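# Coordinate analysis (summary)
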Amino acid sequence: MNPEDARNKIIFALDVNGLAEIDRYAGMLSGRVGMFKVGKELFTSSGPAAVKAVQQHGGQVFLDLKYHDIPNTVANAMLEAARLGVQLANLHALGGGEMMETAARAVQKEFGDDRPKLLAVTILTSSTEATLRQVGIEHSVQDMVVRLARLAKDSGMDGVVASPLEIELIRAACGPDFLIVTPGVRPSFAAADDQKRIMTPAEAVSAGADYLVIGRPIAKAADPAAAAQLIAAEIMAGCS
Ligand code: C5P
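All figures in this text were calculated on a predicted structure; none of them were measured in a lab. (Residues numbered from 1 in each chain as written. Predicted model: local features only at pLDDT ≥ 70, side-chain atom pairs only at ≥ 80, totals over all residues. Heavy atoms only, no water.)

A count of helices and strands for the chain gives 12 helices and 8 strands. Here the chain has a C-alpha radius of gyration of 17 Å; the compact-globule value for 240 residues is 18 Å, and the two agree. Taking the principal axes of its C-alpha atoms as reference, the chain extends roughly 45 × 35 × 35 Å. Sorting the 240 residues of the chain into buried and exposed places 50% on the buried side. Looking at the chain alone, contacts between residues at least 24 apart form 68% of all its contacts between residues at least 6 apart. Taken together, the 23 basic and 28 acidic charged side chains of the chain have centroids lying 1 Å from each other. (Helix = DSSP H or I, 4+ residues; strand = E, 2+ residues; numbered from the N terminus. Rg over C-alpha atoms; globule rule 2.2 N^0.38 Å. Buried < 20%, exposed > 50% of the residue type's maximum accessible area, 1.4 Å probe, protein only. Contact = heavy atoms within 4.5 Å. Lys, Arg positive; Asp, Glu negative; His and termini not counted. Charge placed at Lys NZ, Arg CZ, Asp CG, Glu CD.)

All right, on to the sheet that holds strand S1 (residues 10-13) then. Strand order in the closed barrel formed by 8 strands is S1-S2-S3-S4-S5-S6-S7-S8, and the pairing between neighbours is parallel. Along the sheet, successive strands turn relative to each other by an average axial angle of 25°, direction set aside. The sheet contact formed by S1 and strand S2 (residues 35-39) spans 3 bridges and is parallel. Among the inter-strand pairings, Phe12 is bridged to a residue of S2, identified as Phe36. (Pairing = 2+ DSSP bridges. Axes fitted to C-alpha atoms, helices over the stretch in contact; angles between N-to-C directions.)

What follows covers the pattern of salt bridges. Inspection of the entire model under this criterion finds 14 salt bridges. In this structure, Arg115 and Asp158 form a salt bridge, with 2.8 Å as the shortest nitrogen-oxygen distance. Residue Arg115 is located in the loop between helix H6 (97-111) and strand S5 (117-121), and its partner Asp158 is located in the loop between helix H8 (141-154) and strand S6 (159-161); the two are separated by 43 residues in the primary sequence. For Arg115, a relative accessible area of 22% corresponds to the partly exposed category. The buried category is assigned to Asp158, whose relative accessible area is 15%. What you see here is one network of salt bridges that share partners, running through Arg186, Asp193, Asp194, Arg216 and Lys220. (Salt bridge = Lys/Arg side-chain N within 4 Å of Asp/Glu carboxyl O.)

Another point: the packing of aromatic side chains. In this structure the tally under the stated criterion is 2 aromatic pairs. A ring pair is formed by Phe12 and Tyr25, whose centres lie 5.3 Å apart and whose planes are at 40°; its orientation type is tilted. Of this pair, Phe12 sits in strand S1 while Tyr25 is found in helix H2 (residues 19-29), placing the two residues 13 residues apart along the sequence. By relative accessible area, Phe12 is classed as buried at 0%. Classification of Tyr25 by relative accessible area gives buried; the value is 6%. Ring geometry for Phe12 against Phe36: centres 6.3 Å apart, planes inclined by 85°, an arrangement best described as edge-to-face. One end of the pair, Phe12, is in strand S1; the other, Phe36, is in strand S2, with 24 residues separating them in the sequence. Side by side, Phe12 and Phe36 carry an identical accessibility label, which is buried. Each residue in the set Phe12, Tyr25 and Phe36 is aromatic and connected to the rest through ring pairs, giving one cluster. The ring of Tyr25 has Arg24 sitting right over it, with the charged end atom 4.7 Å from the ring centre. (Phe/Tyr/Trp six-rings, centres within 6.5 Å; stacked < 30°, edge-to-face > 60°. Lys NZ or Arg CZ within 6 Å of the ring centre and 35° of its normal.)

Attention shifts here to the site of the ligand. Every residue close to the ligand is listed here: Ala13, Asp15, Lys37, Thr125, Pro183, Arg186, Gln195, Val213, Ile214, Gly215, Arg216 and Pro217. Between an oxygen atom of the ligand and a side-chain N or O atom of Lys37, the distance comes to 3.0 Å. Within the backbone of Arg216, a nitrogen or oxygen atom sits 2.7 Å from an oxygen atom of the ligand. Taken by itself the ligand offers 460 Å² of open surface, and the protein chains cover 78% of this. Going through the elements one at a time, strand S8 (211-214) and helix H11 (216-219) are the ones with two or more residues in the shell around the ligand. Residue composition of the shell around the ligand, grouped by class: 5 nonpolar, 3 polar and 4 charged. (Near = heavy atom within 4 Å. Polar contact = N/O pair within 3.5 Å; in protein donor to acceptor, adjacent residues only side chain to side chain. Areas by Shrake-Rupley, 256 points an atom, 1.4 Å probe, with all protein chains shown as cover. Nonpolar A, V, L, I, M, F, W, Y, C, P; charged D, E, K, R; others polar.)

Listed in full, the buried residues belonging to H2 are Ile22, Tyr25, Ala26 and Leu29. Taken end-on, H2 shows its buried residues confined to a sector of 100°, consistent with a single buried face. Buried positions along H2 lie against S1, S2, helix H3 (40-46), helix H4 (48-56), H11 and helix H12 (224-238). Backbone geometry just after H2 places Gly31 at a positive phi near 85°. (Arc of directions from axis to C-beta.)

Below, the structure is given as structure tokens:
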């Protein structure tokens, strides 16, 4: 793998507050990571300006708003995400096949091949079997993850967000072209923080991940740009 491919696999989680912080990180990390993840907290505080601030630094955006609503509402929200010019956006597969198909069709119709890639969240990694039982689901977490990943693929999604431990199951069920984006990744030099079921970047990429979402190991490093470079080097070393 060449250095650019390794860098492009890193999605930096912009878990920050406000535009000044975005500017700081996007300035330091543009060209050193493949994408910046804008999530619910940052989007709720700063709105589309957060996306535009990243783009002004030349960065690409994964808009992580995990839509889950009636098909028409999700399709219209996805269209707005696409109009912001983001490269990745996501929804909850639990919203069902019709919701995913309606969103995929709407975005394809307006944007064709220039559309963002659409991802589905299967079962949140914070959920356990007990969480599923509470809401009336009697299957195991693993069975649900595979079932929802297949449904997402059949409904026109380009990929899923998944725990590192689910990568191989999903890859086997959904084939080589289905995107797998995984958080819960910790480079060898970093603390685990509150992440429990972790893999190193090289392990996750070897297992089949296309993108790695990494926040604190880069954000908390004394030199975030150097940390991103070290992670890319770990990916390259593990995948040569
Ligand atoms: O700082 P850290 O690398 O743990 O950040 C990971 C990012 O991925 C955070 O934005 C977190 O919300 C997100 N995430 C996660 N685990 C999931 C889903 C999303 O850590 N299962």
